[in-house]
Amino acid sequence: MLVPSSYRQMPAEQGCYNNQIVMGGSLTQIASALAQLSHVKFLGEAHYQFSHGTYSPLWGAEQFGARLSTGTRVETSYKTYEYNLLYQSTAITERLALMMVYGADQQAGSVSIKAELRDTAGNSYTGAVLDFGIEFTAPADLRSLVVPGGQAVPPDEWAFTGCRSAEILNPLVTDPLDRPRPLVIPSANRGELLNIKITVNSLSLVAVHIYDVYQLQVTI
Amino acid sequence: MTAGLTIRSTEMARLADLQNYLYATGGTHNVVSQMFDDSCCIQDSTSYVQMAQWRIPIISAEHTVLNINVQGFCPGAANGTVKFDLTVGASNVIVEISITDGGRYTSAFNSGTITISGSTVETGILRMSAKAPTGSQLTLLGVQANWQAPASPLSTGALSQGSHSFIPQGQTRQGADEPLPARFGVEALRNINTLRRRQRVLFCWSGIEGASSTSPISAAAAPPRAIGRGDLSSFYSPSAIFAGTIENDLTVKCYIKALNYSAAFSILIMGNVLTISAGGWSDFTLDLIQDELDVSDQFALSMYMAGVDTGNLNINGVASPTYPPSTTGYVASIAIIGV
């Protein structure tokens, strides 16, 4: 059935009272509204903001916001640098779209973001790999600048896996990783707490937004 | 299920099941998501220091268990400890979580739960405090929290969600030999209207207070406490707000925590000028007046910027270097909670 994305008008309650003929149209509207709730409103999402150190030789440590200038500082330590983002999925979560805010410094080295999906058995960071994932690289998928002067402060850019990839290539193959696409959650792991492991190179993450992908049509 | 065709009991049972499922599981994904980098959330005090706080939705009176997962590390044999306390109405419940890793992402994250009494209050305040063992430092890397779905079957009788109620659907009442009563239609409509009001976290952020470290400040303990001018270009979540929200009298709310308050100040959020006229938490109902984002095409949903705007009011106000948090009132935490 098609899944409506909006809060549509519901049938009048009086239409369901005693002595009224139960109309299929009313029940269709009820079914449609419930599908909107299950497959649209209650899709999972998580919005991670990354707090970074605010110290600068220029202004010290006033602790004034994550950033004073319109950029993010790319520390020299951000090489094969890892984050583990925890995400509580839902029973109908099939694919996860990622939208990332970053600043990249081309002069610091090759720029990339890798994202893979793991389970969280035993709370471990090294749980079983569910999707070996994807890699964003520059200049194909990421914008990076050459900024002289050591630890650069490039402007924010956005990277996105998209939601509507034509096909999922190799969720269980490590080399080469797929180009950006939504991550795939095996049916056995839906509804579990998942770990999206992100590895960055010469790049500072500012935010990562995680979304269950809305499917316009489902089989019920 | 189509107009003009026979209504089978199978479909009725599924609709009843789906209502129960939605009440139990709807909105049980992340309510808190935040990462801390560059040792900016670090503590060397051996007694608890409050470091962050978030406003979170209480999604129903039956969702009473909050799962909290913390990532961090503490070099040496002894463990650091993180304390979370959740204030809901007049009650306050605490959990302490021991941080077991000795290095950054060495092995495992740590978990705890807070169990509250069922409440019809719409939001609660989750505070995070931390302490280190003597002679060491506790570095926190990230926090995630979500409500745990209640077990099946749901409790009988009317269940609360804020000031609204939900009537669970008994499976034996939808069988083939039972009449299709007026009750089913009326309750289904009311249940849908209740579930449409269930809150979703669109944006959630806390500044960091009280960080301390034996490391030089150039390497640690220089966390963001307030919003910075540089944050504004991306300090929002692209979030779906569904058509029909306004027509169904549903609202998006913004909760702001002000610290060091001395005089009223304003902030621009989702096109709304919000004036903060007291210290502590203030809440606002937002007018939905923004334009859709281009990325709506990809999501096939109406996506909007849920967060802090880039307008001049913010550039020259709350995010201006002229108003540092050490001398003026500032925004220490923001939550935007929609439906």
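Look up a bit, the structure's there.
Notes on the structure follow. Model, not experiment: these values are computed from the prediction. The residue numbering used here restarts from 1 in each chain and proceeds along that chain's sequence as written. Labels are handed out in written order, letters beginning with A for the chains and numbers beginning with 1 for the ligands. Reporting in this predicted model follows two pLDDT cut-offs: at least 70 for local features of residues, and 80 or more for side-chain atom pairs to be given and counted; totals over whole chains, interfaces and linings ignore these cut-offs and use all residues.

**Some points on the interface of chain A and chain B**
At step 1: Two residues qualify as a contact pair if the distance between their C-beta atoms, derived from the backbone, is within 7 Å. Across the contact, 72 residues belong to chain A and 78 residues belong to chain B.
At step 2: Contributing elements (two or more residues each) for the side of chain A that touches chain B: α1 (24-41), β1 (45-51), β2 (81-88), β3 (95-104) and β9 (203-212) of chain A.
At step 3: Broken down by element, the residue count for the side of chain A that touches chain B peaks at 13 residues, all from α1 of chain A.
At step 4: Only Asp, Glu, Lys and Arg are considered charged in this grouping, and only Ala, Val, Leu, Ile, Met, Phe, Trp, Tyr, Cys and Pro are considered nonpolar; every other residue, Gly among them, is considered polar. Its residues assigned to classes, the side of chain A that touches chain B comprises 34 nonpolar, 28 polar and 10 charged. In this text, helices come from DSSP runs of H or I with a minimum length of four residues, and strands from runs of E with a minimum of two, each type numbered from the N-terminal end.

**Brief notes about the nonpolar core**
At step 1: Ile113 of chain A together with Val331 of chain B are the most contacted members of the largest nonpolar core, which has 149 residues in total.
At step 2: It is β3 of chain A that contributes the most residues to this core, 8 residues altogether.
At step 3: Residues within four places of Val331 of chain B in sequence aside, it is in contact with Ala226, Ile227, Ile256, Ala258, Ile267 and Val318 of chain B. By convention in this section, buried Ala, Val, Leu, Ile, Met, Phe, Trp, Tyr and Cys residues joined through C-beta atoms within 7 Å make up a nonpolar core. For every residue, the other C-beta atoms within 10 Å of its own C-beta are counted; 20 or more classify it as buried, 12 or fewer as exposed, and values in between as partly exposed. C-beta atoms are placed from the backbone.

**Points about helix α2 (residues 182-196) of chain B**
At step 1: In a regular helix each residue adds 1.5 Å, so 15 residues correspond to 21 Å; α2 of chain B covers 22 Å between its end C-alpha atoms and thus fits that length.
At step 2: Restricting attention to buried positions, one finds in α2 of chain B the residues Phe184, Gly185, Glu187, Ala188, Leu189, Asn191, Ile192, Thr194, Leu195 and Arg196 of chain B. Helix span, expected: 1.5 Å multiplied by one less than the number of residues in the helix.

**Description of the environment of Asp212 of chain A**
Residue and element names in this part refer to chain A.
At step 1: Mapping Asp212 onto the fold places it in strand β9.
At step 2: Residue Asp212 is classed as buried on the basis of its C-beta count, with 26 C-beta atoms lying within 10 Å.
At step 3: Discounting chain neighbours no more than four positions away, the residues touching Asp212 are Leu43, Gly44, Glu45, Thr90, Thr93 and Leu96.

**Some thoughts on the sheet that holds strand β4 (residues 112-119) of chain A**
Residues and elements named next belong to chain A.
At step 1: One open sheet holds the 4 strands; their spatial order is β2-β8-β4-β5, and the pairing between them is antiparallel. Of all the strands in the sheet, the pair left with one neighbour each is β2 and β5 (129-137). Pairs of neighbouring strands in the sheet enclose a mean axial angle of 20 degrees, with direction left out of account.
At step 2: One requirement defines pairing of two strands: DSSP has to find at least two bridges between them. Inspection of the sheet shows β4 paired to β5 by 6 bridges, in the antiparallel sense. Axis lines are fitted through C-alpha atoms, for helices just across the contact stretch, and the angle between N-to-C directions can take any value from 0 to 180 degrees.

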